[in-house]
Amino acid sequence: SSWQQTTLVVMAEVMGAGVLGLPRAFAQLGWVLGVFSVVLFAATAAYAGCLLARVRNCIYPHASSYADLALETVGPRFSALTKLCMHVTWGLLLPFYLITANKALQGAAHSLHWCEYVRSLIVVAVLVLPLQIRNLHLISYFATLSTGATFVAVGTACVVLIGAPEQETGQH
């Protein structure tokens, strides 16, 4: 995979469904603190990514996973712990993704009145084959679609927020 395709995969994963929570976060924090927080966390993530890239590309170029880096830097026990933590993290994220996809299907096909179990089974049936892909190059095509959908969602939210008339709060 090219660096551009890998970038799309990483962007799709990092932004993913979390971007859908931005409107609520901004509503609670306000524009100033919301923008400050987004910029701060983006800078922190970029810095962490640069450190990780430097370690992977300059110090341990043969490493292909966090577990490989843990093995090289700390040892086999830490490598096993890192691998376990990664699997637990992904295992705990899967229900979140399933619920999110279920709710998206509910919104897209609201007139069908399917129960939550049926929608979940449909989501699993649709995803079972693409989830078998183990090649980053092939995944990048799906990530491109995901990144595009994320930009459309963010763009739509911005257009709605910018074009929405101000509401009177009744307070003076």
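The residue count restarts for each chain, going from 1 along the sequence in the order it is written. This being a predicted model, a pLDDT of at least 70 is required before a residue's local features are given, and a value of 80 or more before pairs of side-chain atoms are given or counted; all residues contribute to the totals for chains, interfaces and linings. Computation of side-chain values covers all heavy atoms of the structure but excludes hydrogens and water.

Undergrad: Tell me about the overall build of the protein, and please be specific about residues and values.
TA: Where helices and strands are cited, they refer to DSSP runs of H or I of at least four residues and of E of at least two residues respectively, numbered from the N terminus. Of the regular secondary structure elements, the protein holds seven helices and zero strands. Taken across its 172 residues, the protein has 15% of its residues classed as buried. Note on definitions: a residue-residue contact is assigned when non-hydrogen atoms from the two residues lie within 4.5 Å. Counted over contacts in the protein with a minimum sequence separation of 6, partners at least 24 positions apart contribute 44%. When the accessible surface of the protein is summed, it comes to about 13,300 Å², and 72% of that surface belongs to carbon and sulfur atoms. Burial classification: accessible surface area is computed with a 1.4 Å probe over protein chains only, and a residue below 20% of its type maximum counts as buried, one above 50% as exposed, and the rest as partly exposed. Areas reported as accessible are Shrake-Rupley estimates using a 1.4 Å probe. Residue values count occlusion only from the protein chains shown.

Undergrad: Explain the packing of aromatic side chains to me, and be specific about the residues and the numbers.
TA: Centre distance within 6.5 Å is the pairing criterion for rings of Phe, Tyr and Trp, where only the six-membered ring of Trp is used; planes under 30 degrees apart are then read as stacked, over 60 as edge-to-face, and the remainder as tilted. For the coordinates displayed, the defined rule picks out two aromatic pairs. Consider the rings of Phe26 and Trp31, whose centres lie 5.6 Å apart with planes at 65°: the pair is edge-to-face. Their ring planes at 55° and their centres at 5.6 Å tell us that Phe96 and Tyr97 sit as a pair that is tilted.

Undergrad: If you had to explain the packing of helix α2 (residues 22–29) against helix α3 (residues 31–59) to someone new, which residues and values would you point to?
TA: Between the N-to-C directions of two axes lies an angle of 0 to 180 degrees, each axis being a line fitted to C-alpha atoms and, for a helix, fitted only over the stretch in contact. Look at α2 against α3: their axes get within 6 Å of each other, and the N-to-C directions meet at 130°. By the angle between their directions, the pair α2 and α3 is classed as oblique. Between α2 and α3 lies a crossing of right-handed hand. Along its contact with α2, which presents Leu22, Phe26 and Leu29, the element α3 presents Trp31, Leu33, Gly34, Val35, Ser37 and Val38. Nonpolar residues are Ala, Val, Leu, Ile, Met, Phe, Trp, Tyr, Cys and Pro. Charged residues are Asp, Glu, Lys and Arg, and all others, Gly as well, are polar. A breakdown of the residues in the contact of α2 with α3 according to their chemical character gives seven nonpolar, two polar and no charged. Angle categories are assigned with fixed cut-offs, so that under 35 degrees is roughly parallel, over 145 is roughly antiparallel, 65 to 115 is roughly perpendicular, and the rest are oblique. Two helices that cross are described as forming a left-handed crossing if the nearer one is turned anticlockwise from the farther one by less than a right angle, and a right-handed crossing if clockwise.

Undergrad: Any details on the packing of helix α4 (residues 66–73) against helix α5 (residues 76–108)? Residues and values, ideally.
TA: Viewed as axis vectors pointing N to C, α4 and α5 meet at an angle of 160°, and their least axial separation amounts to 7 Å. The pairing of α4 with α5 is recorded here as roughly antiparallel in orientation. Read as a crossing pair, α4 and α5 show a hand that is right-handed. On the side of α4, the interface is formed by Tyr66, Ala67, Ala70 and Leu71, while α5 contributes Pro76, Phe78, Ser79, Thr82, Lys83 and Met86. Across the contact of α4 with α5, the residue classes break down as seven nonpolar, two polar and one charged.

Undergrad: Just give me the short version of unusual backbone geometry, but keep the residues and values in it.
TA: Peptide bonds are mostly trans, and most non-glycine residues show a negative phi. The phi torsion at His113 lies on the positive side, around 55°, for a residue other than glycine. Structurally, His113 is set in the loop between α5 and α6 (116–127). Judged by relative accessible area, which is 71%, His113 ranks as exposed.

Undergrad: Break down α6 for me, with residues and values.
TA: The α-helix winds at 3.6 residues per turn, so residues separated by three or four positions along the chain end up facing the same way. Every helix has an expected span of 1.5 Å times one less than the residues it contains. Taking 1.5 Å of rise per residue, 12 residues should cover 16 Å, and α6 covers 16 Å from first to last C-alpha, within 8% of that figure. Taken as a whole, α6 has its buried residues at Arg119, Ser120 and Val123. Considered in projection along α6, the buried side chains sweep an arc of 100° and stay on one side of the axis. Facing away from the buried surface of α6 by more than 90 degrees, the exposed residues are Tyr117, Leu121 and Ala125. Where α6 is buried, its residues meet α5. The arc in question is the one spanned by the directions pointing from the helix axis to the C-beta atoms.

Undergrad: Which residues make up a nonpolar patch on the surface, and what values go with them?
TA: Each patch is built from residues lacking any salt bridge and having more than 30% relative accessible area; the joining distance is 9 Å for like charges and 5 Å for nonpolar side chains (Val, Leu, Ile, Met, Phe, Trp, Tyr). A pair is scored as a salt bridge if a Lys or Arg side-chain nitrogen falls within 4 Å of a carboxyl oxygen belonging to Asp or Glu. A grouping of Val74, Phe78, Leu81, Leu84, Val88 and Leu92 is seen on the molecular surface, where their side chains present a nonpolar patch of about 580 Å² in accessible area. Position of Leu92 relative to the elements: it lies in helix α5. Leu92 sits in the exposed class, given a relative accessible area of 64%.

None of the figures reported here should be taken as evidence of function without further support.
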